[in-house]
Amino acid sequence: MEIRGSCLCGAVRFVIEGAPALMGRCHCTRCRKLGTSDIVFVTQAQFRLLSGAEEIDTVAPVPPYTFARSFCGRCGTSLGEPLSSETSFPINAQCLDDDPGIRIGFEEFTAEAPAWATAPDTAPRFEGAPDLAQVLPD
């Protein structure tokens, strides 16, 4: 199984060989503001950066956080930590072009989640962009 991933502009491209170990959702302020809330954890052995290493910029962690967060310097897409030297590291699940075969199995930093972060079960859902008249109050 090969899972492809990329940033919005396509400068950064990667492949994950096999299913990630797990998928989670982070509600910490950093991940929310960088757009990396949904993450998959991969190992060095299964992750291969195909292009764009020179385009990747990194924001260093500030305690209590331990993971750096990287993004494409060209388009701004949050990537997770593709340049990590750790054995296992997070990659932004939103960058995956293929289904990783796993689903969200945990949520972390829930104390930092804003009240608006979860839509109620009664919220309407649309397969595409709705006509604003469908969602704006009268």
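Residues numbered from 1 in each chain as written. Predicted model: local features only at pLDDT ≥ 70, side-chain atom pairs only at ≥ 80, totals over all residues. Heavy atoms only, no water.

**Student:** I tried to follow the packing of aromatic side chains on my own but got confused; where do I start?
**Tutor:** If you walk through the whole model with that rule in mind, you get two aromatic pairs. For the ring pair Phe 14 and Phe 47, a centre distance of 5.2 Å and an interplane angle of 35° mean the geometry is tilted. Of this pair, Phe 14 sits in strand β2 (residues 13–17) while Phe 47 sits in strand β5 (residues 47–51), and the two are 33 residues apart along the sequence. This pair shows no difference in class: Phe 14 is buried, exactly as Phe 47 is. (Phe/Tyr/Trp six-rings, centres within 6.5 Å; stacked < 30°, edge-to-face > 60°. Helix = DSSP H or I, 4+ residues; strand = E, 2+ residues; numbered from the N terminus. Buried < 20%, exposed > 50% of the residue type's maximum accessible area, 1.4 Å probe, protein only.)

**Student:** Would you take a moment to explain the nonpolar core for this structure?
**Tutor:** Nonpolar side chains in soluble globular proteins tend to be buried together. Within the largest apolar cluster, 19 residues are counted, with the highest numbers of intra-cluster contacts made by Phe 14, Ile 16, Val 40, Val 42, Phe 47, Ile 91 and Leu 96. If you list the elements that add at least two residues to this core, you get β2, β4 (38–43) and β9 (88–92). Once residues within four sequence positions are removed from consideration, Ile 91 is found in contact with Phe 14, Asp 38, Ile 39, Val 40, Val 42, Phe 47, Leu 79, Gly 80, Glu 81 and Pro 82. (Core = buried A, V, L, I, M, F, W, Y, C linked by side-chain atoms within 4.5 Å. Contact = heavy atoms within 4.5 Å.)

**Student:** When you look at the state of the cysteines in this model, what are you seeing that I'm missing?
**Tutor:** Each disulfide consists of a covalent bond between the sulfur atoms of two cysteine residues. For the structure shown, the criterion picks out zero disulfides. The closest cysteine sulfur to the non-disulfide-bonded Cys 7 is located on Cys 9, 3.7 Å from its own sulfur. A relative accessible area of 4% places Cys 7 in the buried class. Cysteine Cys 31 remains unbridged, with the sulfur of Cys 28 as its closest cysteine sulfur at 3.7 Å. (Disulfide = S-S within 2.5 Å.)

**Student:** Even after reading the chapter, I still don't get a nonpolar patch on the surface, so can you show me in this structure?
**Tutor:** A contiguous nonpolar patch, built from Phe 126, Leu 132, Val 135 and Leu 136 and spanning about 360 Å² of accessible area, is present on the exposed surface. Given a relative accessible area of 34%, Phe 126 falls into the partly exposed group. (Patch = residues over 30% accessible without salt bridge, like charges linked within 9 Å, V, L, I, M, F, W, Y side chains within 5 Å. Areas by Shrake-Rupley, 256 points an atom, 1.4 Å probe, with all protein chains shown as cover. Salt bridge = Lys/Arg side-chain N within 4 Å of Asp/Glu carboxyl O.)

**Student:** Explanation requested: unusual backbone geometry in the structure shown.
**Tutor:** Outside of glycine, negative phi angles account for most residues, and trans bonds account for most peptide bonds. Along the chain, Pro 63 connects to Pro 64 via a cis peptide bond; the corresponding omega equals 15°. Structurally, the position occupied by Pro 64 is in the loop between β6 (56–59) and β7 (69–72). Even without a glycine there, the phi angle at Phe 109 is positive, about 55°. Position of Phe 109 among the secondary structure elements: in the loop between β10 (104–108) and α2 (132–135).

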